[in-house]
Structures are given as C-alpha cells and as structure tokens.
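Each chain, written out:
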Amino acid sequence: MSNNRHFLLIPVYVGTVIFILIINGVFTGEVTSLSNLIINVGFLVVMGILLGISLISFVRLNHCTEELLFQEKQLKKEHENMDEKELCLDYLKRQDVFRNEELKYAFTQYQLCMKKYYTKRGFKNICDIEEYINEDLIDRVGRNFYNSNIPGTLTGLGILGTFLGLSMGLSTFNGQNVLAISDSMGPLFEGMKVAFHTSIYGIFLSIVFSFIYKRAMMDAYHAVEQFQKVFRQYAVPAY
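Owing to the predicted nature of the structure, the values given are computational and were not obtained by experimental measurement. (Residues numbered from 1 in each chain as written. Predicted model: local features only at pLDDT ≥ 70, side-chain atom pairs only at ≥ 80, totals over all residues. Heavy atoms only, no water.)

Colleague: Before we go on, may I ask you to explain the overall build of the chain in this structure?
Modeller: A tally of regular secondary structure across the chain gives eight helices and two strands. Secondary structure elements of the chain occur, N-terminal to C-terminal, as α-α-α-α-β-β-α-α-α-α. Expressed as a percentage of the 239 residues in the chain, the buried residues total 44%. With the model as given, the accessible surface of the chain reaches about 13200 Å², and the carbon-plus-sulfur share is 62%. (Helix = DSSP H or I, 4+ residues; strand = E, 2+ residues; numbered from the N terminus. Buried < 20%, exposed > 50% of the residue type's maximum accessible area, 1.4 Å probe, protein only. Areas by Shrake-Rupley, 256 points an atom, 1.4 Å probe, with all protein chains shown as cover.)

Set out below in structure tokens:
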C-alpha cells in the first residue's frame with residue numbers, strides 16, 4: 001500500500017544538520033574550529049541537494065503508485081456493471097484514466113494499439129498492458145538510474161570527508177620533538193573530528209535512504225503487478 005514514508009528524509013536530514021551544528025558549538029557560540037564547521041556544512045549541503053532531488057522523484061513515484069492502486073479498485077467496481085468487452089471499449093475511449101504523465105502516455109499508446117485490432121466483429125487481436133505499463137516505467141518515474149546510486153554516493157562522501165579530515169590533521173602534525181608534538185595535537189584532533197563526523201552521518205543517511213528507496217520501489221512494483229493482473233482479468237476481452 002502506498003504511503004508517505006519518503007518524507008522521513010526531511011526530519012532525518014534536519015536532525016543530522018542540527019546535531020552537527022550542536023557538536024561544533026554553533027548554538028553556544030563556542031566554535032573551536034571554523035574550518036571543521038565549513039567542511040561539515042559543505043558536505044551536508046551537497047548531501048542535502050542529492051536527497052532533495054531524490055525526494056522529488058519519490059513524490060512522483062508515490063503519486064504513480066496511488067493512481068495504479070486506485071485504478072485497480074475502480075476496475076473491480078466497474079466490472080460489476082459491465083462485461084469484459086464493454087469495459088474494454090469504455091477504457092479505449094477514456095482520456096482521464098491516469099493523471100501522471102508517464103502513465104497517461106503509456107496508456108494512450110496501449111489504447112492506440114488496441115484500436116488497431118478492433119473491428120465490427122470484435123477484436124482480432126489484443127495488446128498486452130504489460131508492454132506499456134511495467135517496471136521499466138516505474139524505474140523512469142522513480143528515477144531509478146539516479147536513486148540507485150545515492151546510497152553509495154552518500155557513503156563515498158562520508159569516506160571522502162574522512163580522508164580530508166585526516167589529511168587536515170596530519171598536515172599540521174610536527175613530530176620533531178615533544179613540544180612540537182604537543183602543539184600539533186590540537187589541530188590533529190580537530191581533523192579527526194571532521195573525519196569521524198562525516199563518516200558517521202554519511203553512512204547513517206545512506207542506511208536511512210536505502211530503506212526508504214527500496215520500500216518505495218517495492219510498493220510501486222507491487223502496484224504495477226496488481227494493476228496488470230486486474231486489468232487483464234476484467235478489461236481484456238477474448239478474441
């Protein structure tokens with residue numbers, strides 16, 4: 001069943017940003033390292049943009065899923081008053097079956113295909129709805145080519161931040177003598193903080209995103225499968 005779990009990305013991301021700002025002393029006015037703060041904010045902005053683009057695709061995918069589920073129920077109701085041939089002819093004329101542009105275009109192509117086979121004696125052949133409304137369509141609506149790479153990208157950004165933080169810390173480290181080592185420990189620890197923080201929220205956001213993304217796609221695939229099954233059963237006449 002379709003739902004809005006993808007909106008969980010918003011509070012999760014906002015909570016992550018607030019947490020990072022807190023541990024960097026932004027709200028208390030005790031920012032110990034401006035460079036740490038800038039790097040963390042930079043990484044979070046990039047991740048936020050990536051997640052924002054994904055959220056838009058999730059909203060479109062959710063609308064598509066809801067329309068498929070709604071039409072499945074409509075077909076079952078309408079079948080009570082019409083037989084397969086009447087229902088098929090009715091659906092061939094409709095222009096408002098779907099509102100989603102991808103679904104609307106795909107169903108229009110199905111209608112054109114079916115009309116080619118219709119004669120006064122009935123249908124001499126039929127088109128399979130699966131050729132037009134299928135998992136490939138869901139992949140396009142849900143931008144699967146983009147979203148499937150987001151978990152790895154978030155994790156990769158976290159790892160990049162790890163190396164950047166370690167590089168910052170080690171670049172100021174001086175091991176010539178005990179006094180130099182003591183003076184270098186502060187910048188080294190600050191660099192390590194960047195390294196650990198970016199890794200933590202990069203991996204955390206990746207895990208949350210993966211769960212939401214996989215569930216959204218599973219719901220959409222299931223909705224397509226159910227729609228195809230009901231459509232074949234109630235709106236495809238024998239020929």
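Having put the structure on the table, let's press on.
Colleague: Can you help me understand the state of the cysteines in this one?
Modeller: Across all of its chains, the model carries one disulfide by this definition. Just so you know, cysteine 88 is unpaired, no disulfide at all, and the nearest cysteine sulfur is the one on cysteine 127, 9.6 Å from it. When its relative accessible area of 2% is taken as the criterion, cysteine 88 is described as buried. (Disulfide = S-S within 2.5 Å.)

Colleague: Would you take a moment to explain the side chain of serine 54 for this structure?
Modeller: Inspection of the secondary structure assignment puts serine 54 in helix 2 (residues 34-79). Take serine 54: its relative accessible area is 0%, and that puts it in the buried class. Setting aside anything within four residues of it in sequence, one finds serine 54 in contact with Tyr146, Asn147, Ile150 and Phe209. (Contact = heavy atoms within 4.5 Å.)

Colleague: How should I be thinking about the nonpolar core in this particular structure?
Modeller: Looking at soluble globular proteins, one finds that nonpolar side chains tend to be buried together. Counting residues in hydrophobic clusters, the biggest one holds 57 residues, and the most contacted among them are Leu68, Phe107, Ile133, Ile138 and Phe231. Contributions of two or more residues to this core are made by helix 1 (9-23), helix 2, helix 3 (84-93), helix 4 (101-116), helix 5 (135-141), helix 7 (150-171) and helix 8 (178-235). In terms of residue count, helix 8 provides more of this core than any other element does, 16 residues in total. In this view, leucine 68 contacts Phe98, Leu103, Ile133, Ile138, Ala223, Val224 and Phe227; residues no more than four positions away in its chain are not counted. (Core = buried A, V, L, I, M, F, W, Y, C linked by side-chain atoms within 4.5 Å.)

Colleague: What is the right way to read the pattern of salt bridges from this model?
Modeller: A side chain of one charge can pair with a side chain of the opposite charge if their charged atoms are brought near each other. Taken as a whole, this structure holds eight salt bridges when the rule is applied. One salt bridge in this structure joins glutamate 78 and arginine 94, with 3.0 Å as the shortest N-O distance. With a gap of 16 residues between them, glutamate 78 in helix 2 and arginine 94 in the loop between helix 3 and helix 4 connect regions that are remote in the sequence. Look at glutamate 78 and you get buried, because its relative accessible area is 13%. Aspartate 219 serves as the salt-bridge partner of arginine 215, at 3.7 Å between the closest nitrogen and oxygen. Here arginine 215 and its partner aspartate 219 are both found in helix 8, four residues apart, which amounts to about one turn of the helix. Residue classification places arginine 215 among the partly exposed positions, given a relative accessible area of 29%. Judged by its relative accessible area of 13%, aspartate 219 is buried. (Salt bridge = Lys/Arg side-chain N within 4 Å of Asp/Glu carboxyl O.)

Take it as geometry only, folks, not as evidence of what the structure does.
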